There are 2 protein chains.
Amino acid sequence: MEQNETQQYEDLLVKNGLKRTGARLQVLDILSHRESATSQPYLENVVGKEIDRVTLYRILKTFEEKGIIHRVLDNHGTANYAICSNSCSEHNHHDEHVHFNCNNCLRVYCLDDVKIPALKIEKGFQIADMNLVVSGICKDCNKAN
Amino acid sequence: MEQNETQQYEDLLVKNGLKRTGARLQVLDILSHRESATSQPYLENVVGKEIDRVTLYRILKTFEEKGIIHRVLDNHGTANYAICSNSCSEHNHHDEHVHFNCNNCLRVYCLDDVKIPALKIEKGFQIADMNLVVSGICKDCNKAN
DNA sequence: TTATTGATGCAATAATGATGCATTAACATT
DNA sequence: AATGTTAATGCATCATTATTGCATCAATAA
(Lines give C-alpha, C1' and ligand atoms only; values in the text may rest on other atoms or scores of the structure.)
Protein backbone atom coordinates (compact mmCIF):
# COMPACT_ATOMS: atom_id res chain seq x y z
CA MET A 1 0.00 0.00 0.00
CA GLU A 2 1.35 3.36 -0.97
CA GLN A 3 2.55 5.80 1.61
CA ASN A 4 0.11 8.60 0.82
CA GLU A 5 -2.78 6.18 0.83
CA THR A 6 -1.85 4.98 4.29
CA GLN A 7 -1.69 8.60 5.37
CA GLN A 8 -5.15 9.14 3.93
CA TYR A 9 -6.59 6.17 5.82
CA GLU A 10 -4.97 7.30 9.04
CA ASP A 11 -6.48 10.74 8.64
CA LEU A 12 -9.87 9.18 8.09
CA LEU A 13 -9.58 7.19 11.29
CA VAL A 14 -8.36 10.10 13.37
CA LYS A 15 -11.07 12.34 11.94
CA ASN A 16 -13.60 9.88 13.28
CA GLY A 17 -12.00 9.54 16.68
CA LEU A 18 -10.69 6.05 16.02
CA LYS A 19 -7.26 4.75 16.78
CA ARG A 20 -5.19 3.86 13.77
CA THR A 21 -4.57 0.17 14.21
CA GLY A 22 -3.11 -2.23 11.71
CA ALA A 23 -6.34 -4.13 11.39
CA ARG A 24 -8.37 -1.05 10.55
CA LEU A 25 -5.85 0.23 8.03
CA GLN A 26 -5.83 -3.16 6.38
CA VAL A 27 -9.61 -3.25 6.09
CA LEU A 28 -9.70 0.27 4.68
CA ASP A 29 -7.03 -0.62 2.18
CA ILE A 30 -8.87 -3.69 0.95
CA LEU A 31 -12.23 -1.96 0.68
CA SER A 32 -10.70 1.00 -1.15
CA HIS A 33 -9.14 -1.14 -3.82
CA ARG A 34 -12.18 -3.22 -4.68
CA GLU A 35 -14.48 -2.11 -7.43
CA SER A 36 -17.50 -3.70 -5.78
CA ALA A 37 -18.92 -4.01 -2.29
CA THR A 38 -17.15 -6.59 -0.19
CA SER A 39 -18.70 -9.25 1.95
CA GLN A 40 -17.61 -10.14 5.43
CA PRO A 41 -16.78 -13.72 4.32
CA TYR A 42 -14.55 -12.37 1.57
CA LEU A 43 -12.68 -10.18 4.01
CA GLU A 44 -12.37 -13.08 6.37
CA ASN A 45 -10.76 -15.16 3.65
CA VAL A 46 -8.22 -12.47 2.94
CA VAL A 47 -7.26 -11.34 6.43
CA GLY A 48 -8.63 -14.20 8.52
CA LYS A 49 -5.22 -15.30 9.65
CA GLU A 50 -4.16 -11.87 10.78
CA ILE A 51 -7.39 -10.43 12.11
CA ASP A 52 -9.80 -12.24 14.39
CA ARG A 53 -13.30 -12.78 13.07
CA VAL A 54 -14.86 -10.86 15.92
CA THR A 55 -12.49 -7.96 15.44
CA LEU A 56 -13.47 -7.86 11.79
CA TYR A 57 -17.16 -7.69 12.70
CA ARG A 58 -16.46 -4.94 15.16
CA ILE A 59 -14.34 -2.94 12.75
CA LEU A 60 -17.06 -3.12 10.11
CA LYS A 61 -19.71 -2.19 12.63
CA THR A 62 -17.71 0.77 13.89
CA PHE A 63 -16.93 1.97 10.37
CA GLU A 64 -20.58 1.77 9.47
CA GLU A 65 -21.62 3.74 12.55
CA LYS A 66 -19.08 6.42 11.74
CA GLY A 67 -20.24 6.71 8.16
CA ILE A 68 -16.95 5.48 6.72
CA ILE A 69 -18.54 2.53 4.97
CA HIS A 70 -22.07 1.54 4.14
CA ARG A 71 -23.68 -1.84 4.35
CA VAL A 72 -25.71 -3.55 1.67
CA LEU A 73 -27.52 -6.83 2.10
CA ASP A 74 -27.32 -9.01 -0.97
CA ASN A 75 -29.95 -11.48 -2.11
CA HIS A 76 -28.78 -14.03 0.39
CA GLY A 77 -29.02 -11.65 3.32
CA THR A 78 -25.29 -11.47 3.84
CA ALA A 79 -23.73 -8.12 4.56
CA ASN A 80 -21.54 -6.41 1.99
CA TYR A 81 -19.55 -3.27 2.65
CA ALA A 82 -18.30 -0.44 0.51
CA ILE A 83 -16.48 2.80 1.21
CA CYS A 84 -18.89 5.72 1.44
CA SER A 85 -18.58 8.76 -0.71
CA ASN A 86 -16.80 11.40 1.31
CA SER A 87 -19.97 13.34 1.92
CA CYS A 88 -20.99 10.80 4.53
CA SER A 89 -20.60 11.34 8.24
CA GLU A 90 -21.72 9.73 11.45
CA HIS A 91 -25.13 11.33 11.52
CA ASN A 92 -25.59 11.90 7.84
CA HIS A 93 -25.44 8.99 5.48
CA HIS A 94 -25.81 9.58 1.76
CA ASP A 95 -25.67 6.08 0.45
CA GLU A 96 -29.07 6.06 -1.16
CA HIS A 97 -27.92 4.83 -4.48
CA VAL A 98 -28.97 1.61 -6.15
CA HIS A 99 -27.01 -1.59 -5.70
CA PHE A 100 -26.68 -4.38 -8.23
CA ASN A 101 -26.24 -7.95 -7.08
CA CYS A 102 -25.03 -10.31 -9.78
CA ASN A 103 -26.67 -13.71 -9.64
CA ASN A 104 -23.69 -15.26 -11.36
CA CYS A 105 -20.52 -13.87 -9.77
CA LEU A 106 -22.40 -12.72 -6.66
CA ARG A 107 -20.65 -9.35 -6.72
CA VAL A 108 -22.45 -6.32 -5.33
CA TYR A 109 -21.95 -3.14 -7.35
CA CYS A 110 -22.59 0.36 -6.07
CA LEU A 111 -24.35 2.18 -8.89
CA ASP A 112 -23.44 5.58 -7.53
CA ASP A 113 -25.05 7.39 -10.43
CA VAL A 114 -28.42 5.72 -10.03
CA LYS A 115 -30.37 7.30 -7.21
CA ILE A 116 -33.46 5.77 -5.68
CA PRO A 117 -36.47 7.64 -7.08
CA ALA A 118 -38.79 9.43 -4.70
CA LEU A 119 -41.75 7.39 -3.55
CA LYS A 120 -45.29 8.23 -2.66
CA ILE A 121 -46.00 6.25 0.46
CA GLU A 122 -49.13 6.23 2.54
CA LYS A 123 -49.27 8.92 5.20
CA GLY A 124 -48.24 7.65 8.59
CA PHE A 125 -45.25 5.74 7.33
CA GLN A 126 -42.15 7.69 8.20
CA ILE A 127 -39.17 6.91 5.98
CA ALA A 128 -35.71 6.74 7.53
CA ASP A 129 -33.81 4.77 4.95
CA MET A 130 -34.20 3.12 1.58
CA ASN A 131 -32.43 0.11 0.17
CA LEU A 132 -32.86 -0.87 -3.46
CA VAL A 133 -31.06 -3.97 -4.62
CA VAL A 134 -31.39 -4.95 -8.23
CA SER A 135 -30.31 -8.44 -9.15
CA GLY A 136 -29.50 -10.00 -12.45
CA ILE A 137 -26.42 -10.54 -14.58
CA CYS A 138 -23.66 -7.97 -14.44
CA LYS A 139 -21.64 -6.40 -17.23
CA ASP A 140 -18.66 -8.67 -16.80
CA CYS A 141 -20.67 -11.88 -16.66
CA ASN A 142 -22.66 -10.86 -19.74
CA LYS A 143 -19.43 -10.31 -21.65
CA ALA A 144 -18.03 -13.62 -20.56
CA ASN A 145 -20.70 -15.56 -22.43
CA MET B 1 -60.06 -22.13 9.65
CA GLU B 2 -63.17 -21.95 7.55
CA GLN B 3 -64.14 -24.76 5.24
CA ASN B 4 -64.07 -22.78 2.02
CA GLU B 5 -60.68 -21.33 2.88
CA THR B 6 -59.26 -24.78 3.38
CA GLN B 7 -60.69 -25.74 0.03
CA GLN B 8 -59.02 -22.71 -1.51
CA TYR B 9 -55.63 -23.61 -0.05
CA GLU B 10 -55.95 -27.19 -1.21
CA ASP B 11 -56.72 -26.01 -4.72
CA LEU B 12 -53.67 -23.80 -4.64
CA LEU B 13 -51.47 -26.71 -3.66
CA VAL B 14 -52.90 -29.07 -6.24
CA LYS B 15 -52.63 -26.41 -8.92
CA ASN B 16 -48.92 -26.26 -8.21
CA GLY B 17 -48.42 -30.00 -8.16
CA LEU B 18 -47.95 -30.16 -4.40
CA LYS B 19 -49.51 -32.61 -2.05
CA ARG B 20 -51.99 -31.14 0.40
CA THR B 21 -50.44 -31.89 3.74
CA GLY B 22 -51.47 -30.55 7.10
CA ALA B 23 -48.25 -28.62 7.51
CA ARG B 24 -48.64 -26.80 4.22
CA LEU B 25 -52.26 -25.95 4.83
CA GLN B 26 -51.35 -24.58 8.22
CA VAL B 27 -48.60 -22.37 6.79
CA LEU B 28 -50.91 -21.08 4.08
CA ASP B 29 -53.57 -20.33 6.64
CA ILE B 30 -51.21 -18.34 8.85
CA LEU B 31 -49.69 -16.36 6.01
CA SER B 32 -53.11 -15.56 4.58
CA HIS B 33 -54.39 -14.10 7.81
CA ARG B 34 -51.46 -11.83 8.55
CA GLU B 35 -51.50 -8.26 7.40
CA SER B 36 -47.72 -8.12 7.07
CA ALA B 37 -44.99 -10.39 5.80
CA THR B 38 -44.10 -13.13 8.20
CA SER B 39 -40.66 -14.21 9.29
CA GLN B 40 -39.50 -17.76 9.61
CA PRO B 41 -38.85 -17.27 13.37
CA TYR B 42 -42.42 -16.05 13.85
CA LEU B 43 -43.81 -19.09 12.09
CA GLU B 44 -41.55 -21.29 14.12
CA ASN B 45 -42.94 -19.82 17.30
CA VAL B 46 -46.48 -20.50 16.22
CA VAL B 47 -46.21 -23.98 14.72
CA GLY B 48 -42.84 -25.06 16.08
CA LYS B 49 -44.33 -27.82 18.16
CA GLU B 50 -46.32 -29.30 15.33
CA ILE B 51 -44.04 -28.75 12.37
CA ASP B 52 -40.34 -29.47 12.33
CA ARG B 53 -38.08 -26.52 11.68
CA VAL B 54 -36.56 -28.14 8.64
CA THR B 55 -39.96 -28.93 7.19
CA LEU B 56 -40.90 -25.31 7.66
CA TYR B 57 -37.85 -24.17 5.72
CA ARG B 58 -38.63 -26.61 2.97
CA ILE B 59 -42.27 -25.62 2.77
CA LEU B 60 -41.35 -21.96 2.48
CA LYS B 61 -38.70 -22.70 -0.12
CA THR B 62 -41.11 -24.78 -2.17
CA PHE B 63 -43.84 -22.17 -1.95
CA GLU B 64 -41.43 -19.51 -3.07
CA GLU B 65 -40.27 -21.55 -6.05
CA LYS B 66 -43.86 -22.17 -7.09
CA GLY B 67 -44.73 -18.51 -6.85
CA ILE B 68 -47.21 -19.02 -4.03
CA ILE B 69 -45.37 -16.73 -1.67
CA HIS B 70 -42.63 -14.18 -2.08
CA ARG B 71 -39.63 -13.59 0.09
CA VAL B 72 -38.44 -10.25 1.43
CA LEU B 73 -35.26 -9.72 3.36
CA ASP B 74 -35.64 -7.23 6.18
CA ASN B 75 -32.94 -4.94 7.49
CA HIS B 76 -31.39 -7.73 9.48
CA GLY B 77 -31.16 -10.03 6.51
CA THR B 78 -33.77 -12.43 7.81
CA ALA B 79 -36.32 -13.81 5.43
CA ASN B 80 -39.95 -12.74 5.58
CA TYR B 81 -42.72 -14.30 3.55
CA ALA B 82 -46.03 -13.07 2.21
CA ILE B 83 -48.68 -14.56 -0.03
CA CYS B 84 -48.24 -13.48 -3.63
CA SER B 85 -50.95 -11.76 -5.53
CA ASN B 86 -52.72 -14.40 -7.60
CA SER B 87 -51.06 -13.25 -10.80
CA CYS B 88 -47.86 -14.96 -9.72
CA SER B 89 -46.78 -18.33 -11.03
CA GLU B 90 -43.69 -20.51 -10.98
CA HIS B 91 -41.95 -18.76 -13.83
CA ASN B 92 -43.53 -15.38 -13.53
CA HIS B 93 -43.23 -13.48 -10.29
CA HIS B 94 -44.95 -10.13 -9.94
CA ASP B 95 -43.88 -9.11 -6.50
CA GLU B 96 -42.11 -5.96 -7.51
CA HIS B 97 -43.80 -3.73 -5.05
CA VAL B 98 -42.12 -1.80 -2.27
CA HIS B 99 -41.72 -3.25 1.20
CA PHE B 100 -41.66 -1.29 4.43
CA ASN B 101 -39.65 -2.55 7.38
CA CYS B 102 -40.53 -0.88 10.68
CA ASN B 103 -37.52 -0.22 12.85
CA ASN B 104 -39.70 -0.29 15.93
CA CYS B 105 -42.06 -3.27 15.67
CA LEU B 106 -39.90 -4.95 13.01
CA ARG B 107 -42.93 -5.75 10.89
CA VAL B 108 -42.53 -5.97 7.14
CA TYR B 109 -45.40 -4.48 5.16
CA CYS B 110 -46.15 -5.19 1.53
CA LEU B 111 -47.02 -1.85 -0.02
CA ASP B 112 -48.85 -3.43 -2.93
CA ASP B 113 -49.86 -0.07 -4.36
CA VAL B 114 -46.34 1.29 -4.48
CA LYS B 115 -44.47 -0.09 -7.47
CA ILE B 116 -40.76 0.21 -7.93
CA PRO B 117 -40.12 2.97 -10.47
CA ALA B 118 -38.28 2.13 -13.66
CA LEU B 119 -34.54 2.65 -13.50
CA LYS B 120 -31.97 3.68 -16.02
CA ILE B 121 -29.09 1.35 -15.50
CA GLU B 122 -25.88 1.15 -17.44
CA LYS B 123 -26.01 -1.05 -20.54
CA GLY B 124 -24.62 -4.48 -19.92
CA PHE B 125 -26.39 -4.95 -16.63
CA GLN B 126 -29.32 -7.26 -17.17
CA ILE B 127 -32.07 -6.88 -14.60
CA ALA B 128 -33.88 -9.98 -13.37
CA ASP B 129 -35.38 -8.75 -10.14
CA MET B 130 -35.69 -5.68 -7.96
CA ASN B 131 -36.04 -5.43 -4.23
CA LEU B 132 -36.80 -2.11 -2.57
CA VAL B 133 -37.04 -2.11 1.19
CA VAL B 134 -37.88 1.14 2.90
CA SER B 135 -37.27 1.32 6.61
CA GLY B 136 -38.54 3.72 9.21
CA ILE B 137 -41.50 3.93 11.57
CA CYS B 138 -44.78 2.43 10.52
CA LYS B 139 -48.29 3.80 10.79
CA ASP B 140 -49.16 1.87 13.93
CA CYS B 141 -45.98 2.74 15.78
CA ASN B 142 -46.36 6.41 14.87
CA LYS B 143 -49.85 6.39 16.31
CA ALA B 144 -48.75 4.69 19.49
CA ASN B 145 -46.56 7.64 20.49
C1' DT C 1 -54.97 -52.21 -1.51
C1' DT C 2 -50.72 -51.69 -2.65
C1' DA C 3 -46.82 -49.36 -4.94
C1' DT C 4 -44.57 -45.17 -5.73
C1' DT C 5 -43.18 -40.88 -5.08
C1' DG C 6 -43.22 -36.92 -2.37
C1' DA C 7 -43.12 -35.06 2.36
C1' DT C 8 -41.60 -35.18 6.97
C1' DG C 9 -38.67 -35.70 11.24
C1' DC C 10 -34.32 -36.27 13.25
C1' DA C 11 -29.41 -35.65 13.66
C1' DA C 12 -25.71 -33.22 12.32
C1' DT C 13 -23.30 -29.31 10.28
C1' DA C 14 -22.49 -24.66 8.25
C1' DA C 15 -22.56 -19.72 8.05
C1' DT C 16 -23.23 -15.44 10.15
C1' DG C 17 -23.18 -12.81 14.02
C1' DA C 18 -23.13 -11.31 19.17
C1' DT C 19 -21.34 -11.19 24.15
C1' DG C 20 -18.19 -11.38 28.17
C1' DC C 21 -13.79 -11.09 29.72
C1' DA C 22 -8.83 -10.96 29.96
C1' DT C 23 -4.96 -9.02 27.49
C1' DT C 24 -2.66 -5.81 24.60
C1' DA C 25 -1.77 -1.74 22.09
C1' DA C 26 -2.41 3.28 21.08
C1' DC C 27 -2.08 7.73 22.56
C1' DA C 28 -1.91 11.57 25.93
C1' DT C 29 0.39 13.18 29.82
C1' DT C 30 3.88 13.82 32.47
C1' DA D 1 11.15 8.12 27.42
C1' DA D 2 8.20 6.07 30.87
C1' DT D 3 3.63 5.53 32.41
C1' DG D 4 -1.37 5.57 32.99
C1' DT D 5 -5.78 5.40 30.73
C1' DT D 6 -8.83 4.08 27.46
C1' DA D 7 -9.74 1.81 23.25
C1' DA D 8 -9.02 -2.27 20.56
C1' DT D 9 -8.12 -7.01 20.10
C1' DG D 10 -8.27 -12.16 20.72
C1' DC D 11 -10.33 -16.07 22.65
C1' DA D 12 -14.06 -18.85 24.23
C1' DT D 13 -18.67 -19.40 24.04
C1' DC D 14 -23.26 -19.05 22.52
C1' DA D 15 -27.37 -17.65 19.43
C1' DT D 16 -29.74 -17.52 15.17
C1' DT D 17 -30.71 -18.75 10.58
C1' DA D 18 -30.29 -22.13 7.23
C1' DT D 19 -28.81 -26.56 4.78
C1' DT D 20 -27.94 -31.65 3.94
C1' DG D 21 -28.36 -36.71 4.41
C1' DC D 22 -30.98 -40.34 5.61
C1' DA D 23 -34.63 -43.15 7.42
C1' DT D 24 -39.57 -43.15 7.89
C1' DC D 25 -44.18 -42.00 6.82
C1' DA D 26 -48.12 -40.40 4.21
C1' DA D 27 -50.67 -38.87 -0.05
C1' DT D 28 -52.06 -39.99 -4.44
C1' DA D 29 -52.11 -43.12 -8.49
C1' DA D 30 -52.47 -47.67 -10.24
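Residues numbered from 1 in each chain as written. Chains lettered and ligands numbered in written order. Predicted model: local features only at pLDDT ≥ 70, side-chain atom pairs only at ≥ 80, totals over all residues. Heavy atoms only, no water.

Asks: Mind showing me how you'd approach the relation of the copies chain B and chain A here?
Replies: The transform that puts chain B on chain A rotates by 179° and translates by 0.0 Å along the axis, for an RMSD of 0.1 Å. A rotation of that kind, with that shift, is consistent with a two-fold axis. A symmetric contact is evident, with 100% of the interface residues of chain B recurring at the interface of chain A. (Least-squares fit on C-alpha atoms with pLDDT ≥ 70 in both. Contact = heavy atoms within 4.5 Å.)

Asks: Would you explain the sheet that holds strand 4 (residues 97-102) of chain B in this entry?
Replies: Each strand in a sheet pairs with its neighbour through backbone hydrogen bonds, running either in the same direction (parallel) or in the opposite one (antiparallel). Taken together, the six strands give an open sheet; going across it, the order is 5(A)-4(A)-6(A)-6(B)-4(B)-5(B), and neighbouring strands pair in mixed fashion. A strand with exactly one partner marks an edge of an open sheet, and here the two such strands are strand 5 (108-115) of chain A together with strand 5 (108-115) of chain B. If you compare each strand with its neighbour and ignore which way they point, the axes differ by 30° on average. Pairing of strand 4 (residues 97-102) of chain A with strand 5 of chain A, which is carried by five bridges, proceeds in the antiparallel orientation. In the strand pairing of strand 5 of chain A, histidine 99 of chain A is matched with cysteine 110 of chain A. (Pairing = 2+ DSSP bridges. Helix = DSSP H or I, 4+ residues; strand = E, 2+ residues; numbered from the N terminus. Axes fitted to C-alpha atoms, helices over the stretch in contact; angles between N-to-C directions.)

Asks: What is the right way to look at the UniProt feature "binding site: Zn(2+)" (unreviewed entry) in chain A in this model?
Replies: The UniProt record marks Cys102, Cys105, Cys138 and Cys141 of chain A with the feature "binding site: Zn(2+)" (unreviewed entry), using the residue numbering of this structure. Of the residues just listed, which span 40 residues, no C-alpha pair is farther apart than 8.3 Å, and they cluster in one region. Of note, cysteine 102 of chain A is situated in strand 4. Overall, cysteine 102 of chain A belongs to the buried group, its relative accessible area being 1%. The contact partners of cysteine 102 of chain A, leaving out residues within four places of it in the chain, are Arg107, Gly136, Ile137, Cys138 and Cys141 of chain A. As for its position among the elements, cysteine 138 of chain A is in the loop between strand 6 (126-137) and helix 5 (139-143). Once residues lying within four places of it in the same chain are set aside, the contact partners of cysteine 138 of chain A are Phe100, Cys102, Cys105, Arg107 and Tyr109 of chain A together with Gly124 and Phe125 of chain B. (UniProt positions renumbered as here; feature names shortened; annotations may be inferred. Buried < 20%, exposed > 50% of the residue type's maximum accessible area, 1.4 Å probe, protein only.)

Asks: Help me out: how do you make sense of the packing of helix 3 (residues 40-47) of chain A against helix 4 (residues 53-66) of chain A in this one?
Replies: Any two packed helices are characterised by how steeply their axes cross, that is the angle between the axes, and by the distance between the axes. Residue and element names in this part refer to chain A. At a minimum axis separation of 11 Å, helix 3 and helix 4 run at an interaxial angle of 130°. With respect to helix 4, the element helix 3 is oriented oblique. The handedness of the crossing between helix 3 and helix 4 comes out as right-handed. For the pair helix 3 and helix 4, contact is made by Gln40, Leu43, Glu44 and Val47 and by Arg53, Leu56, Tyr57 and Leu60, respectively. Partitioning the contact of helix 3 with helix 4 into residue classes produces five nonpolar, one polar and two charged. (Parallel < 35°, antiparallel > 145°, perpendicular 65-115°, else oblique. Left-handed = near helix turned anticlockwise from the far one by under 90°. Nonpolar A, V, L, I, M, F, W, Y, C, P; charged D, E, K, R; others polar.)

Asks: Just to check I follow, could you spell out the protein's contact with DNA strand D for this structure?
Replies: Residues and elements named next belong to chain A. Contacts to DNA strand D come from 21 residues, most closely from Lys19, Thr21, Arg24, Thr55 and Arg58. Of what DNA strand D places within 4 Å of the protein, 65% of the atoms are sugar or phosphate. At a separation of 2.6 Å, a phosphate oxygen of DNA strand D approaches a polar side-chain atom of arginine 24. Looking at the surface near DNA strand D, its residues break down into eight nonpolar, four polar and nine charged. (Near = heavy atom within 4 Å. Polar contact = N/O pair within 3.5 Å; in protein donor to acceptor, adjacent residues only side chain to side chain.)

Asks: Is there a simple way to think about helix 2 (residues 22-32) of chain B in this case?
Replies: Each turn of an α-helix holds 3.6 residues, which means side chains three or four residues apart point in the same direction. Counting buried positions along helix 2 of chain B gives eight out of 11 residues, so the element sits mostly inside the fold. Taken as a whole, helix 2 of chain B has its buried residues at Ala23, Arg24, Leu25, Val27, Leu28, Asp29, Ile30 and Leu31 of chain B.

Asks: Help me out: how do you make sense of the protein's contact with DNA strand C in this one?
Replies: Not every one of the 21 residues close to DNA strand C is listed here, only the nearest: Tyr57 of chain A together with Thr21, Arg24, Thr55 and Arg58 of chain B. Measuring from a phosphate oxygen of DNA strand C, one finds a backbone N or O atom of glutamate 50 of chain B at 3.5 Å.

Asks: Got a minute to help me understand the pattern of salt bridges in this structure?
Replies: Oppositely charged side chains may form a pair once their charged atoms are brought near each other. The final tally for this structure, using the stated rule, is 11 salt bridges over all chains. Put simply, glutamate 35 of chain A and arginine 107 of chain A hold a salt bridge, and the shortest N to O gap is 2.5 Å. One end of the pair, glutamate 35 of chain A, is in the loop between helix 2 (22-32) and strand 1 (38-39); the other, arginine 107 of chain A, is in the loop between strand 4 and strand 5, with 72 residues separating them in the sequence. Between glutamate 122 of chain B and lysine 139 of chain A there is a salt bridge; the shortest N-O distance is 2.9 Å. With one member in each of two chains, glutamate 122 of chain B in the loop between strand 5 and strand 6 (126-137) and lysine 139 of chain A in helix 5 form a pair that bridges those chains. According to the relative accessible area criterion, lysine 139 of chain A is partly exposed, its value standing at 28%. (Salt bridge = Lys/Arg side-chain N within 4 Å of Asp/Glu carboxyl O.)

Asks: Hey, could you run me through the interface of chain B and chain A in this one?
Replies: Interfaces are often described in size by the accessible area the parts lose on coming together. Across the contact, 37 residues belong to chain B and 37 residues belong to chain A. Applying the counting rule to chain B against chain A returns two salt bridges. Counting the contacts that link chain B with chain A gives 14 residue pairs in polar contact (both at pLDDT 80 or more). At the level of secondary structure, the elements contributing two or more residues to the side of chain B that touches chain A comprise strand 2 (69-73), strand 4, strand 5, strand 6 and helix 5 (139-143) of chain B.

Asks: I would appreciate a short explanation of the nonpolar core in the present structure.
Replies: In globular proteins that are soluble, nonpolar side chains generally tend to be buried together. Counting 30 residues, the largest nonpolar core has Leu132 of chain A together with Leu132 of chain B as its most contacted members. The set of elements that each furnish at least two residues to this core consists of strand 4, strand 5 and strand 6 of chain A together with strand 4, strand 5 and strand 6 of chain B. Beyond its immediate chain neighbours, meaning those up to four positions away, leucine 132 of chain A contacts Val98, His99 and Ile116 of chain A together with Ile116, Leu119, Met130, Asn131 and Leu132 of chain B. (Core = buried A, V, L, I, M, F, W, Y, C linked by side-chain atoms within 4.5 Å.)

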